[in-house]
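# Structural features, examined
Listed here are the chains, written in short residue letters.
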Amino acid sequence: DENRQWLAEQAILALNVTSSPGAGKTTLLERTIRGLGADRPIAVIEGDQETLLDAERIRAAGARAVQVNTGAGCHLDADMVHRALHALNPEPQSVLFIENVGNLVCPALFDLGEHSKVVVISVTEGQDKPLKYPHMFAAAGLVLINKIDLIPYVNFDLETCFGYARSVNPGVEILPVSATSGDGVDAWYDWIRTESGVLANASYVPKTR
Ligand code: MG
Ligand code: ZN
């Protein structure tokens, strides 16, 4: 709740980006920084068990980043994000992406103080992920289906996946994208702009459990 309050005071839109490993979170953020970074400042907290590789990719794309290594841990928690915020000190009215550890299980259960969870699934993983990991998809404010440029080569039906995601989270917004080709990313940028507007017009309300 401290994280949420501080982020609200700074009017920072914090998005907790989750997926299984290899769904394309970092590639999507690289494209987003290049595509949206002229509009508003972007900063990234990178969560991985080991290495600084993703933070280096984010910096190369033009945004500030801090890497959090969780060691044996399988998710980010609010205290890790709190310390990362001190190190990163993102600008007021920026967009903060928190790239979680690749894992569709326990990140669903940890509130980092974010505005929304964005769950990324890719078409190479199978369309049944929302049914197998319902808690993650139920917690999502947005589902991105990534790597749609590969649909001709894999057995993945978008409409079936939409149906599965909505069976665990009725009404959730779902956007098909390709972080490598750029297909669909304008709708993702529009979603970010809309959520930034929602945030700017909202007054801070502590979350009750
Ligand atoms: Mg990554
Ligand atoms: Zn975990």
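These notes cover the structure that comes with them. Predicted model only: the values in this text are computed from it and were never measured. The residue count restarts for each chain, going from 1 along the sequence in the order it is written. Just so you know, chain letters begin at A and ligand numbers begin at 1, following the order they were written in. Given that the model is predicted, a residue must reach a pLDDT of at least 70 before its local features are reported, and side-chain atom pairs must reach 80 or more before they are shown or counted; all residues, however, enter totals for whole chains, interfaces and linings. Calculation of side-chain values draws on the structure's entire complement of heavy atoms; hydrogens and water are dropped beforehand.

## Overview of the coordination of the magnesium ion (ligand 1)
Quick reminder of the rule: Donor atoms: N, O and S within 2.8 Å of the metal, or within 3.2 Å for Na, K and Ca. Because water is excluded, sites can look incomplete. Secondary structure elements are defined from DSSP: runs of H or I of at least 4 residues count as helices, runs of E of at least 2 residues count as strands, and each element is numbered from the N terminus. For the exposure calls, accessible area comes from a 1.4 Å probe over protein chains only, and a residue counts as buried if that area is under 20% of its type's maximum, exposed if over 50%, partly exposed in between.
The protein atoms that coordinate the magnesium ion (ligand 1) are Thr26 (OG1), Asp54 (OD) and Glu99 (OE), at distances of 2.0 to 2.1 Å. On the primary sequence, the residues serving as donors to the magnesium ion (ligand 1) are separated as T-x27-D-x44-E. Placement of the pair is Thr26 in helix 2 (residues 25–36) and Glu99 in strand 4 (residues 95–99), with a sequence separation of 73 residues. On the basis of relative accessibility, which here comes to 5%, the residue Thr26 falls in the buried class. Looking at Glu99, the relative accessible area reads 2%, which means it is buried.

## A short note on the sheet that holds strand 7 (residues 173–176)
Formally: Here, a strand pair is defined by DSSP locating no fewer than two bridges between the strands. Angles here are taken between N-to-C directions and fall from 0 to 180 degrees, while the axes themselves are lines fitted to C-alpha atoms, restricted in helices to the stretch in contact. The contact criterion used throughout is that any non-hydrogen atoms of two residues lie within 4.5 Å.
Reading across from one edge, 3-2-4-1-5-6-7 is the order of the 7 strands in this open sheet, with parallel pairing throughout. Of all the strands in the sheet, just strand 3 (64–69) and strand 7 have a single pairing partner and so form its edges. Taking each pair of neighbouring strands and ignoring which way they run, the sheet shows an average axis angle of 20 degrees. Here strand 2 (residues 42–48) runs beside strand 4; their pairing, made up of 5 bridges, is parallel. In the sheet register, Glu46 faces strand 4, and the bridge partner there is Glu99. Relative to the sheet, helix 7 (residues 158–168) contacts strand 5 (116–122), strand 6 (142–146) and strand 7, its axis offset from that of strand 7 by approximately 155 degrees. The strands that helix 8 (residues 185–201) touches are strand 1 (13–19), strand 4, strand 5, strand 6 and strand 7; relative to strand 1, the one it contacts most, it runs at about 140 degrees.

Take it as geometry only, folks, not as evidence of what the structure does.
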